[in-house]
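If you want the building blocks of each chain, they are given just below.
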Amino acid sequence: MIAAAMTSAVAAGWTPALADDKPFDNKLPGLHARARAKGLFFGSALSSVALSNDNDLLARLLAECGMLVSEDAFKWDAIRFDQTKFDFSRADALMGFALLHQLPVRGHTLVWHEANPAWLEPALTSKTASEKLLTDHIRAVAGRYAGRLAQWDVVNEAILGDDKKPQALRNTLWLRALGPAYIDIAFHATAEADPRALRVINEYGIEYGIDWQVRKRNQLLDLCADLVARKVPIQAVGIQAHLDAGEVNLDQTGLARFIADVASLGLKVVITEFDVRDQRLPASIPARDTAIAAHARAWLDAVLPNPAVLGVLSWGLSDRGTWLNSYFPRADGLPQRPSPLDADLNRKKLWGAMAAAFDAAPPRIAKS
Ligand code: XIL
């Protein structure tokens, strides 16, 4: 099967990753084509600002991606900024672009402790009021796009992962208002509003073998096992994968085992927010790009073999718009290089590493 897939890849004009010093040809088939050859998908996040202003980026997105996710448009503070009305303008703009180009979309996100409007927490005055607010929101938002979204991040970042605190769940406005049941409520409401979108619990800080992340993995596994046992309609774990090229504790075996444990619960896995920060690396761009690419390849090689893994989304396709420069700035002030394309939209070593990782992944779909 692998040989057959490789033969057809060669016939389609795909080339293996080029030598380090040669740029990649932007006209070669994109990352989604490389992923799709194995039954995987590749996609990217896109901000509303870029969607309305950056036609060059949009052209590259169309060349590289088989799925889109909005960085901002489906969050509460976009749709519910005003307590008295819903504002779907940004989300609709993304849906329109995706429909025009026939690209599947992930929804991100229905429940999160961040990106909430200021009025929300004071409105959570009782369990009844809180449950109504949450379910009304999910009915309105997931209901509006029902049948048109491939996936929903139903709950984002529910696990605390703090070694000084014993509890697993993060103390959020929703936990305070509804207790752990907020997770059940959100998944049930999403399943009712849009039964066809894959329902995902999305988490960060589960990517490496370091102690607090291993603890977080175990807490997430316990939570998922409990949800599955109680028939809460969760279907997948999203691993955000905001990687750090300076992190040495990759522990590929532990990572592969974690994914196998998720799969053994009957859940799928999606790599939802892939990027590689470099603020612990020296300034040299070639050195950074090489280290970033090697780190990404090693991480993806541990993840992609498991057939429960459906695909990879990059949190931004190009370095030009990355959130990391404001959220995790380098001490020397240089821009970070976390994305497959550079700020001029050219393919980087990271692009080559991701393409090669897709090429090396076992095919999901048996070909006769
Ligand atoms: C980030 C966006 O990229 C920023 O533009 C925004 O201001 C804040 O949120 N984990 C998530 C994403 O689940 O929603 C975050 O996105 C990045 C971390």
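Residues numbered from 1 in each chain as written. Predicted model: local features only at pLDDT ≥ 70, side-chain atom pairs only at ≥ 80, totals over all residues. Heavy atoms only, no water.

1. A word on the layout of surface pockets
Left-over empty space is what a probe sized like a water molecule reveals as it rolls over the atoms.
Point 1. In this model, the largest pocket occupies a volume close to 710 Å³.
Point 2. In this structure, the largest pocket is lined by 30 residues; those nearest its centre are Glu-157, Gln-240, His-242, Trp-323 and Phe-328.
Point 3. Every element with two or more residues in the lining of the largest pocket is listed here: helix H11 (211-229), strand E7 (242-244) and strand E8 (268-277).
Point 4. For the lining of the largest pocket, the per-class residue count stands at 10 nonpolar, seven polar and 13 charged. (1 Å grid on protein atoms, 1.4 Å probe; cavity = no way out; pocket = protein on both sides within 12 Å on 5 of 7 lines; lining within 4 Å. Points joined across faces, edges and corners; volume = space filled by probe spheres on them. Helix = DSSP H or I, 4+ residues; strand = E, 2+ residues; numbered from the N terminus. Nonpolar A, V, L, I, M, F, W, Y, C, P; charged D, E, K, R; others polar.)

2. Observations regarding the environment of Val-154
Point 1. Position of Val-154 among the secondary structure elements: in strand E4 (residues 151-156).
Point 2. Put simply, Val-154 and Leu-300 are 146 residues apart on the chain and 24 Å apart in space, counted from C-alpha to C-alpha.
Point 3. Setting aside anything within four residues of it in sequence, one finds Val-154 in contact with Thr-109, Leu-110, Val-111, Ala-186, Phe-187, Thr-190, Arg-199 and Val-200. (Contact = heavy atoms within 4.5 Å.)

3. Notes on the packing of H11 against helix H12 (residues 252-264)
When two helices pack together, their arrangement is given by the angle between the helix axes and the distance between those axes.
Point 1. It is the contact of H11 with H12, at a shortest axis distance of 10 Å, that shows an interaxial angle of 10 degrees. It follows from the interaxial angle that H11 and H12 lie roughly parallel. Residues Arg-217, Leu-220 and Leu-221 of H11 form the contact with H12, whose own contacting residues are Gly-254, Leu-255, Phe-258, Asp-261 and Val-262.
Point 2. Broken down by class, the residue content of the contact of H11 with H12 amounts to five nonpolar, one polar and two charged. (Axes fitted to C-alpha atoms, helices over the stretch in contact; angles between N-to-C directions. Parallel < 35°, antiparallel > 145°, perpendicular 65-115°, else oblique.)

4. Describing the pattern of salt bridges
Point 1. Within this structure, the stated rule accounts for 21 salt bridges.
Point 2. Asp-226 serves as the salt-bridge partner of Arg-230, at 3.2 Å between the closest nitrogen and oxygen.
Point 3. Of the charged contacts in the structure, one is a salt bridge between Arg-337 and Asp-289, with a shortest N-O distance of 2.7 Å. One end of the pair, Arg-337, is in the loop between helix H14 (324-327) and helix H15 (349-360); the other, Asp-289, is in helix H13 (residues 285-303), with 48 residues separating them in the sequence. In this structure, Arg-337 and Asp-289 share a single accessibility class: buried.
Point 4. Overlapping salt bridges bring together Asp-278, Arg-288, Arg-330 and Asp-332 as one network. (Salt bridge = Lys/Arg side-chain N within 4 Å of Asp/Glu carboxyl O. Buried < 20%, exposed > 50% of the residue type's maximum accessible area, 1.4 Å probe, protein only.)

5. Some details on the packing of helix H8 (residues 127-144) against helix H10 (residues 181-193)
Point 1. Taken N-terminus to C-terminus, the directions of H8 and H10 make an angle of 30 degrees; their axes are 9 Å apart at the nearest point. Classed by the angle they form, the pair H8 and H10 counts as roughly parallel. Considering only the axes of H8 and H10, their crossing is right-handed. Facing Glu-131, Leu-134, Thr-135, Ile-138, Arg-139, Ala-142 and Gly-143 of H8, the residues of H10 in contact are Tyr-182, Ile-185, Ala-186, Ala-189, Thr-190 and Ala-193.
Point 2. Residue composition of the contact of H8 with H10, grouped by class: eight nonpolar, three polar and two charged. (Left-handed = near helix turned anticlockwise from the far one by under 90°.)

6. A few points about the pairing of strand E5 (residues 198-203)
Point 1. Burial within E5 is extensive, with six of its six residues counted as buried.
Point 2. Neither face of E5 is exposed, since Leu-198, Val-200 and Asn-202 on one face and Arg-199, Ile-201 and Glu-203 on the opposite face are all buried.
Point 3. Inspection of the sheet shows E4 paired to E5 by five bridges, in the parallel sense. Each bridged residue has a counterpart across the sheet, and for Asp-153 the counterpart in E5 is Val-200.
Point 4. Where E5 meets strand E6 (residues 236-239), four bridges bridge the pair, whose relative direction is parallel. Its bridge partner being in E6, Ile-201 is matched across the sheet by Val-237. (Pairing = 2+ DSSP bridges.)

7. Topic: H8
Point 1. The first and last C-alpha atoms of H8 sit 25 Å apart over 18 residues, in line with the 26 Å expected at 1.5 Å per residue.
Point 2. Those residues of H8 not exposed but buried are Ser-130, Leu-133, Leu-134, Thr-135, His-137, Ile-138, Val-141 and Ala-142.
Point 3. Where H8 is buried, its residues touch helix H5 (76-79), strand E3 (105-111), helix H7 (120-123), E4, helix H9 (173-178) and H10. (Expected span 1.5 Å × (residues − 1).)

8. Quick notes on the side chain of His-32
Point 1. Tracing the sequence through the fold places His-32 in helix H2 (residues 31-36).
Point 2. Here His-32 falls in the buried class, since its relative accessible area comes to 15%.

9. As for the nonpolar core
Point 1. Ranked by internal contacts, the top residues of the largest apolar core, which has 102 residues, are Val-155, Trp-174, Ile-271, Phe-274, Trp-299 and Leu-304.
Point 2. It is H10 that provides the largest number of residues to this core, a total of seven residues.
Point 3. For Leu-304, the residues in contact, after removing those within four places along its chain, are Leu-40, Val-309, Val-312, Ala-357, Phe-358, Ala-361, Pro-362 and Arg-364.
Point 4. Core analysis: the second largest hydrophobic core is formed by 12 residues, Phe-41, Leu-198, Ala-236 and Trp-323 among them. (Core = buried A, V, L, I, M, F, W, Y, C linked by side-chain atoms within 4.5 Å.)

10. Description of the site of the ligand
Point 1. Taken together, Glu-71, Lys-75, His-108, Trp-112, Asn-156, Glu-157, Gln-240, His-242, Glu-273, Trp-315, Trp-323 and Tyr-327 form the complete shell of residues around the ligand.
Point 2. Contacts to the ligand include Lys-75, whose side-chain N or O atom sits 2.8 Å from an oxygen atom.
Point 3. Its free accessible area being 410 Å², the ligand has 80% of it covered by the protein chains.
Point 4. Its atoms largely coinciding with the cavity grid, the ligand occupies the largest pocket.
Point 5. For the shell around the ligand, a count of residues per class yields four nonpolar, four polar and four charged. (Near = heavy atom within 4 Å. Polar contact = N/O pair within 3.5 Å; in protein donor to acceptor, adjacent residues only side chain to side chain. Areas by Shrake-Rupley, 256 points an atom, 1.4 Å probe, with all protein chains shown as cover. Sits in = over half its atoms within 2 Å of the grid points.)

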